[in-house]
Amino acid sequence: MAARAAIDERLFEAAEAVRARAYAPYSNFQVGAAILADDGNIYAGCNIENAAYPIGNCAEPSAIAAMRAGGGRRIERVYVTGPGTLPVTPCGGCRQRIREFAAPETPIVCHGVDGEPLYTTLGELLPHSFGPNHLGR
Ligand code: THU
């Protein structure tokens, strides 16, 4: 495989560092997400589960919250890491949450850390998406 972009190495490291802090005692499936934002900073988040299962948080919205809290406004690139060999792709709800702050062409790298990363885009993961533009924004 060709040498990976330096930004993906930085995003991978950030996603893995925060994944170590995931709280996933029920699924034992620890996920980390790292966002490169329009301010040039990297913002990361992990999944936080709950004994009341449906109210657990995925890693991606945690990273989005960190981005907005830290002053980033738009998502330029996303890197998601998790266990196993299958690429850890954002769930349907997370695709829509990413959509709020990203464009269809925004790259998303999905990585099961024992396998190869999948390089895709938000538009491929969420085609014909409903977004802020439908509401005139
Ligand atoms: N999970 C994420 O945090 N992000 C994803 O992209 C896929 C799934 C979490 C939710 C839950 O805590 C665990 O992984 C198992 O579904």
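One can find the structure itself at the top, above this paragraph.
Summary of the structure given here. (Residues numbered from 1 in each chain as written. Predicted model: local features only at pLDDT ≥ 70, side-chain atom pairs only at ≥ 80, totals over all residues. Heavy atoms only, no water.)

**Remarks on the packing of helix α2 (residues 59-70) against helix α3 (residues 92-99)**
Thinking step 1. The geometry of α2 relative to α3 is characterised by a closest axis approach of 9 Å and an angle of 20° between their N-to-C directions. Taken as axis vectors, α2 and α3 run roughly parallel relative to one another. Crossing geometry of α2 relative to α3 is assigned as left-handed. Touching Glu60, Pro61 and Ile64 of α2 are Cys94, Arg97 and Ile98, all from α3.
Thinking step 2. Residues that form the contact of α2 with α3 fall into these classes: four nonpolar, no polar and two charged. (Axes fitted to C-alpha atoms, helices over the stretch in contact; angles between N-to-C directions. Helix = DSSP H or I, 4+ residues; strand = E, 2+ residues; numbered from the N terminus. Parallel < 35°, antiparallel > 145°, perpendicular 65-115°, else oblique. Left-handed = near helix turned anticlockwise from the far one by under 90°. Contact = heavy atoms within 4.5 Å. Nonpolar A, V, L, I, M, F, W, Y, C, P; charged D, E, K, R; others polar.)

**Concerning the pairing of strand β4 (residues 107-112)**
Thinking step 1. The element β4 is extensively covered by neighbouring structure, given that five of its six residues are classed as buried.
Thinking step 2. Note: strand β3 (residues 75-82) against β4, five bridges, orientation parallel. Among the inter-strand pairings, Gly82 is bridged to a residue of β4, identified as Gly112.
Thinking step 3. For the segment spanning β3, α3 and β4, crossover handedness is right-handed. (Buried < 20%, exposed > 50% of the residue type's maximum accessible area, 1.4 Å probe, protein only. Pairing = 2+ DSSP bridges. Right-handed = clockwise from strand over helix to strand, strands pointing away.)

**Here's the deal with the site of the ligand**
Thinking step 1. Ser27, Phe29, Val31, Asn47, Glu49, Cys58, Ala59, Glu60, Thr89, Pro90 and Cys91 make up every residue found near the ligand.
Thinking step 2. One of the side-chain N or O atoms of Glu60 is found 2.5 Å from an oxygen atom in the ligand.
Thinking step 3. The contact in question runs from an oxygen atom of the ligand to an N or O atom on the backbone of Thr89, over 3.4 Å.
Thinking step 4. Burial of the ligand by the surrounding chains reaches 76%, relative to a free accessible area of 370 Å².
Thinking step 5. The pocket occupied by the ligand, as judged from atoms lying within 2 Å of grid points, is the largest pocket.
Thinking step 6. Partitioned by chemical class, the residues of the shell around the ligand number six nonpolar, three polar and two charged. (Near = heavy atom within 4 Å. Polar contact = N/O pair within 3.5 Å; in protein donor to acceptor, adjacent residues only side chain to side chain. Areas by Shrake-Rupley, 256 points an atom, 1.4 Å probe, with all protein chains shown as cover. 1 Å grid on protein atoms, 1.4 Å probe; cavity = no way out; pocket = protein on both sides within 12 Å on 5 of 7 lines; lining within 4 Å. Sits in = over half its atoms within 2 Å of the grid points.)

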